[in-house]
Structure formats: structure tokens, C-alpha cells
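Structural features, examined
So you can see what is in the structure, the chains are spelled out below.
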Amino acid sequence: MRSWRDAVLAVYLASGLALSAWLTRLPAIADGLGLSPAGLGALLLTQTVAAFVSVSLSGVTVARLGPARALRLTSALVAAGLVLIGAGASAAGSLPVATAGFLLFGTGLATWNVAANVEGVACESALGRTVMPVMHAFFSVGTVLGAGIGAGAAALGVPVAWHTGVMAVVVLALVRTAVRSFQGEDPRARPEPRTDTGSLDLEAVAAASPRTHGVRGAWRTPRNLVVGLFVLGVALAEGAANDWVALALTQGYGTSEALGALGYGIFVTAMTAGRLAGTPLLDRFGRVTILRAAGTLAAAGLGVFVLSPWLGLGLAGLFVWGLGVSLGFPVGMSAAADDTENAAANVSVVSTIGYGAFLGGPPLLGLLGDAVGVRPALGAVALFVVVSLLLVPALRPANPSAPPRAVGAGSPRDGR
């Protein structure tokens, strides 16, 4: 169990390293290609289109290949994408090459993340306790490490091509080593199925939800769609920060590129802290109580970052923003897996909705940012955070007194 858990943690860590490899260098990429905020948004949109197509097919892909084989394939695509992004932005100075890199990266990482979530909930089920926030915390650890590497590379003037090329080798090696210890496809590792499918606080919807199996059936389950909408808002808040915080600091607050990368590091540090600290709180107080508090923090922090006239206060708001959105995505994955009999299909549906927002929303903010500025444009994200806050009760399990998984010990007070 320990080697399996550590392998899943390594895959999440590698995902964070891969994403931060180019996110921290966005100002340099924009300069190298001569792109305005709208042009940069259009470039990111190419990644989004590829990622959305990929994530839409991810349920079938992961079901047929299994998480381990899916991750071997997708990590290779991500590594190739990183190499081309760096080559296009600095070595060749070619927009088509960089675009090809973003297309490969988006295609690979979208299905990578769904495969990691499917394996993660299988591991959580076998462990019998809440661990998904810790797994997603390792994604954040990867982004923190990547942000530090990116800030150092920017300060030292390291070309983007060298930076992304080295990170491509690192993430590929991590994934190829980790998947050897996966056990999610081993029938002995699977928990006994539970009889409940989870409930909505919008009471009648869950009660009317039919028992469905497979990816197609999971898309027809009302609870999956409502949980997906919850994840959509928090994923957009996370994705917007990932894509635009560095540029919002350099253009909105007039800071240097290195400080912009550091600001991104502050955000992902807060995400990491929230996920690590939030795991025992979830077991003690339950999903609904903790997610309501977290959503309130996210909305408040985002508002401060957008409206503050002072850099110091803006950075404090950025930290609170990251702390507030830290638990939404991993707890959404756990909620999707409440029905252990159809967990993989349910997780793929909620992941698809969440990653669609994570990937699709931020590039569209570039168009708004071109009109009103990047920092003010981020204020629109607060509306989606409020919607997620209203949907928090949908994540309450149907049987609060039951353990989180059939094989687990202990009963978190998740019904609150």
C-alpha cells in the first residue's frame, strides 16, 4: 500500500512540475513570440482545445488502457510538448512550433490528470481514509518546486528552451518509474461496492438518480453533473491563477518577471498548505463545513488581489485565494467516487467538467484582459466561486455514518 500511495503521489508531483515549467515563463514566452495578452490568450486556447478534446475522451481512454498505460502515453506527449514550447519561444522564435508544443502538452496533460485521479481514488478506497487532498497537495508541491525553478531560471536569464527541455526529462522519468507500482487495476485492491450513490442537498435530484454504469451512464447521473459544476468554479479559480497571476503582477502591479513568478509561487504554496492542513479537518468536520469556509476564503482573497492598490496586500490576498480553492478539486474527486461501484466513470465525468473549466476558462480571460487589463479581468472568476459555494451541499455523502470507503476504519463526520 505504501509503495502504491507513493507512486500516485509521484505522478501528481510530476504533473505540477510539468505545468509550472511553462507557466512561470509566460512573460518570457510572450516576449519571445511578440504576443499581446489577447495573442497569448489565443495561444493558450490552442492548448485548451486539444486538452478539452482529450479530456472528453479520457474516460474511454483510461478505461481501455488502464491508468498505468495511459500515463506512459500521456507523459510522453507532455514531455514532447514542453520541448517544442521552449524551442518555439526562444530557440527558434517560431509561433507555429510553440503552438504545436501547446497542442501536444494539452492533449497529454488532460488525460494524464484523469488517469491520476482514477488511480488516486482507487488508492484512497483501498486505504479507507481521506487522502485525495494530500495527493493533490503533491501536485501543488510540484508547482511550488517548479515555480522556484522558474523564478531562478528567469532571474538568471536561462533560455526557456533549456528550462522546459530539462523539466521534460525529469517529469518523464518520474512517471515511467512511478507507474510500475500502480495497483488500481488489480481486483484485490478494489473495495467492496457500496449501495449508496451519494446525495444532493437539493434533495430530490439524488433520490431520482438512476443506478448507471460506464462512462455514458455516468454522464446521465444528475449528481455527477452538479458535483461537476461545483468543481468547475473552483477549477476556474485555480486555473485562472495559474495562467494569469504572473502577468497580473507584472502588468497590473508593475513588478518584475522574477517577482511575477514568485507571486505564482505564493499562490501554489497556499494551495499546498491548504491541502495538507485540510485533510484532517475534512475527517473531523466533514466536507460541507470545510468547503463552505474554504469557498468564502477564496472569494475574499480573489477580491483583495483584484482591488488592492498595494502590492503587499495584493500578495496577501493571493495567498488567501490559494488557501480557499485548495480543497475544492480533490474533494470533488472524492465525492464523485462515493459510489465505488462506478467510481472510475464518475470521476472521469467530474474530471472532464473540472478540467474543461481549468483549461478553457483562463485563455478566454485573455480577451477580457486585453480590454480591461489582466488584473481586473480576474474579478469575473469570483462569480463562479460564489456559484460553487452555493453547490457545496451537493458533496454530502448519502450515508454520513458510513466509513469513507468499505475497507476503511473510522467514520469521518462527513454529513455535516
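Treat the numbers as computed from the prediction; the structure is a model and nothing was measured.

Cut-offs used in this document
- Residues numbered from 1 in each chain as written.
- Predicted model: local features only at pLDDT ≥ 70, side-chain atom pairs only at ≥ 80, totals over all residues.
- Heavy atoms only, no water.
- Helix = DSSP H or I, 4+ residues; strand = E, 2+ residues; numbered from the N terminus.
- Buried < 20%, exposed > 50% of the residue type's maximum accessible area, 1.4 Å probe, protein only.
- Contact = heavy atoms within 4.5 Å.
- Areas by Shrake-Rupley, 256 points an atom, 1.4 Å probe, with all protein chains shown as cover.
- Polar contact = N/O pair within 3.5 Å; in protein donor to acceptor, adjacent residues only side chain to side chain.
- Axes fitted to C-alpha atoms, helices over the stretch in contact; angles between N-to-C directions.
- Parallel < 35°, antiparallel > 145°, perpendicular 65-115°, else oblique.
- Left-handed = near helix turned anticlockwise from the far one by under 90°.
- Nonpolar A, V, L, I, M, F, W, Y, C, P; charged D, E, K, R; others polar.
- Expected span 1.5 Å × (residues − 1).
- 1 Å grid on protein atoms, 1.4 Å probe; cavity = no way out; pocket = protein on both sides within 12 Å on 5 of 7 lines; lining within 4 Å.
- Points joined across faces, edges and corners; volume = space filled by probe spheres on them.
- Core = buried A, V, L, I, M, F, W, Y, C linked by side-chain atoms within 4.5 Å.

**Considerations on the overall build of the protein chain**
What the protein chain contains, in helices and strands, is 18 helices and 0 strands. The buried share of the protein chain, reckoned over its 416 residues, is 59%. For the protein chain, the share of sequence-separated contacts (at least 6 apart) that also reach a separation of at least 24 residues comes to 82%. In the form shown here, the protein chain has an accessible surface area of approximately 14800 Å², with 68% of it arising from carbon and sulfur atoms.

**Things to note about the side chain of arginine 287**
Mapped onto the secondary structure, arginine 287 falls in helix H13 (residues 287-307). A polar contact of 2.7 Å, which involves the side chain of arginine 287, links it to the backbone oxygen of leucine 395.

**Some words on the environment of arginine 396**
Position of arginine 396 relative to the elements: it lies in the segment after helix H18 (381-390). Note: C-alpha distance between arginine 396 and alanine 335 (61 residues apart in sequence) is 7.7 Å.

**Observations regarding the packing of helix H1 (residues 2-23) against helix H5 (residues 67-91)**
Where H1 contacts H5, the axes come no closer than 10 Å and their chain directions differ by 20 degrees. Relative to H5, the element H1 lies roughly parallel. Along this stretch, H1 crosses H5, giving a crossing that reads as left-handed. Residues Val11, Ala18, Ala21 and Trp22 of H1 touch H5, and the partners they reach there are Leu71, Val78, Leu82 and Ile85. Counted by class, the contact of H1 with H5 contains 8 nonpolar, no polar and no charged residues.

**Remarks on helix H6 (residues 95-127)**
Side chains three or four residues apart in an α-helix point the same way, a direct result of the helix having 3.6 residues per turn. Between its first and last C-alpha atoms H6 spans 46 Å; for 33 residues at 1.5 Å apiece the expected length is 48 Å, and the two agree. Across the 33 residues that make up H6, a large majority, 25, are buried. The backbone nitrogen of valine 97 lies 3.3 Å from a side-chain oxygen of the residue at the head of H6, namely serine 94. Of the residues one or two after H6, glycine 128 is the one with positive phi, at around 80 degrees.

**Let's talk about the side chain of serine 20**
Locating serine 20 in the fold gives a position in helix H1. A distance of 3.0 Å separates a polar side-chain atom of serine 20 from the backbone oxygen of glycine 16. One polar contact links the side chain of serine 20 to the main-chain carbonyl oxygen of leucine 17, over a distance of 3.3 Å. Residues within four places of serine 20 in sequence aside, it is in contact with Gly142, Thr143, Gly146, Ala147 and Tyr264.

**As for empty space enclosed by the protein**
Overall, the coordinates contain 7 cavities of 30 Å³ or more when judged by the stated rule. Estimates place the volume of the largest cavity at around 120 Å³. Surrounding the largest cavity, 12 residues form its lining, Asn113, His136, Phe139, Glu238 and Tyr355 being those nearest its centre. Elements with a minimum of two residues in the lining of the largest cavity: H1, H6, helix H7 (132-156) and helix H16 (343-372). Top element by residues in the lining of the largest cavity is H1. It accounts for 3 residues. Looking at the lining of the largest cavity residue by residue, the class counts come to 7 nonpolar, 3 polar and 2 charged.

**Digging into the nonpolar core**
Ranked by internal contacts, the top residues of the largest apolar core, which has 112 residues, are Trp22, Leu82, Phe105, Trp112 and Trp321. Among all residues touching tryptophan 321, those that are not within four sequence positions of it are Ala237, Ala241, Val245, Phe267, Leu297, Ala298, Gly301, Leu302, Phe305 and Leu378.

**Some words on the environment of isoleucine 290**
With respect to the secondary-structure elements, isoleucine 290 resides in helix H13. The residues contacting isoleucine 290, other than those within four sequence positions of it, are Leu281, Leu282, Phe285 and Leu327.

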